[in-house]
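# Fold and geometry: a report
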Amino acid sequence: MRKREELLYRPPKRKPKKKDVIFILLMLLPAAAMTIWLIYYPIGRGITMSFQEYNLYNLNNIKFIGFENFGDLLKPGPFNAFYGTVKNTIIYVFGSLIPQVLFGFILALLLQKRFRGRSLYQGIIFFPWAVSGFIIGIMWRWMFNGSGGVINDFFMRLGVISEPVSWLSSESTAMLSVIIANVWYGIPFFVIMITAALQSVPMDLYEAADVDGAGALVKFRVITLPHIKSVLILTTLLRVIWIFNGPETIFAMTNGGPAGSTQIMTSYMYSLITSLDYGRASAVGVICTLILVAYALLYLRISRFTSEE
């Protein structure tokens with residue numbers, strides 16, 4: 001009886017002393033200050049600038065103009081460059097994402113099987129993810145070079161083309177070229193994440209399915225997909241955000257050209273910054289943030305991603 005009382009005994013909660021609270025707050029203060037300075041202050045400053053006429057060519061005339069920057073960006077008309085960047089962004093994001101998911105999934109499934117040299121093959125596949133996107137863009141720019149690139153040489157040797165193609169100088173092929181480069185860059189991310197997720201699937205389930213006579217497609221649909229669903233949802237969400245916010249490959253390959261055919265929203269924002277129009281650039285940044293927040297909420301709702309997952 002005494003042991004039971006000892007087990008049920010709960011010591012009273014000790015109220016923290018004032019000096020302990022002050023010490024904890026002082027320890028948290030540097031991290032909080034750095035977070036506010038490096039993250040929240042720039043966000044707040046950018047939102048404020050989006051409602052201002054803020055051009056470095058005319059610093060003496062910085063003033064509050066309300067929603068005028070947003071109105072200029074969203075003004076309908078055939079010569080409005082912003083709507084073209086929205087269309088290019090959709091093509092670039094989903095044109096890059098879908099092949100990355102498909103090829104990444106296939107390679108991850110192949111890497112599950114044991115074969116000679118698998119570790120070396122994994123290293124080769126994972127390598128592009130460790131390289132800067134800007135470096136990737138420079139490398140692919142030389143490969144797609146219209147006069148001495150290896151892409152033209154390869155297709156000419158196969159007889160697919162009879163003369164060199166200016167891949168990055170033509171509006172019809174420039175977007176396809178940057179998408180191919182971005183697909184090659186992003187596949188390793190899905191291979192890494194899906195490979196790790198597949199290793200967490202219990203092998204007992206596959207053995208039980210073999211005993212029941214289930215085929216490969218049934219095992220994939222009933223066992224594999226449900227166990228890696230949460231990883232697929234999160235990796236897809238993150239990759240969409242990264243592609244949307246990562247115009248460095250476009251900068252290195254085409255700089256948004258030719259004639260704006262590869263200009264996406266974030267690269268357009270950067271071009272406004274280089275032209276010193278910080279007000280409109282901030283407005284584009286606010287629009288991009290709202291789009292990504294709305295996309296993330298809608299995507300998680302449609303995919304039925306729960307807090308437990």
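Residues numbered from 1 in each chain as written. Predicted model: local features only at pLDDT ≥ 70, side-chain atom pairs only at ≥ 80, totals over all residues. Heavy atoms only, no water.

### Overview of the overall build of the protein
Selection criterion: A run of H or I in DSSP counts as a helix once it spans at least four residues, and a run of E counts as a strand once it spans at least two, with each numbered from the N terminus. The buried label applies to any residue whose accessible area, calculated with a 1.4 Å probe on protein chains only, is under 20% of its type's maximum; exposed applies above 50%, and partly exposed to all values in between. In this description, contact between two residues means that some pair of their heavy atoms is separated by no more than 4.5 Å. Computed with the Shrake-Rupley method and a 1.4 Å probe, the accessible areas treat only the protein chains shown as cover for residues. The charge count includes Lys and Arg as positive and Asp and Glu as negative, but it does not include His or the ends of the chains. Think of each charge as sitting on NZ of Lys, CZ of Arg, CG of Asp or CD of Glu.
Helix and strand content of the protein: 13 helices and 2 strands. Over its C-alpha atoms, taken along the principal directions, the protein stretches across nearly 90 × 65 × 35 Å. Counting across all 309 residues of the protein, residues that qualify as buried make up 35%. In the protein, the share of contacts with a sequence separation of at least 24, taken over all contacts with a separation of at least 6, comes to 66%. When the accessible surface of the protein is summed, it comes to about 19,900 Å², and 67% of that surface belongs to carbon and sulfur atoms. Across the protein, the 27 positively charged side chains and the 17 negatively charged ones have centroids separated by 9 Å.

### As for the nonpolar core
Quick reminder of the rule: In plain words, nonpolar cores are sets of buried Ala, Val, Leu, Ile, Met, Phe, Trp, Tyr and Cys residues tied together by side-chain atoms within 4.5 Å.
Formed by 54 residues in total, the largest nonpolar core has its most connected members in Tyr92, Ile194 and Ile228. Take this core: its biggest share by element is 13 residues, from helix α8 (residues 174-198). The residues contacting Ile228, other than those within four sequence positions of it, are Phe105, Ile194, Ala197, Leu198 and Val201.

### Side note on a nonpolar patch on the surface
Selection rule: Patch membership requires more than 30% relative accessible area and the absence of a salt bridge. Residues of like charge join within 9 Å; the nonpolar side chains Val, Leu, Ile, Met, Phe, Trp and Tyr join within 5 Å. Any Lys or Arg side-chain nitrogen found within 4 Å of a carboxyl oxygen on Asp or Glu counts as a salt bridge.
Where nonpolar side chains cluster on the molecular surface, the patch consists of Met34, Ile36, Trp37, Leu38, Ile39, Tyr40, Tyr41, Ile43 and Ile47 and spans about 990 Å² of accessible area. As for its placement among the helices and strands, Ile39 is situated in helix α2 (residues 18-50). For Ile39, a relative accessible area of 43% translates into the label partly exposed.

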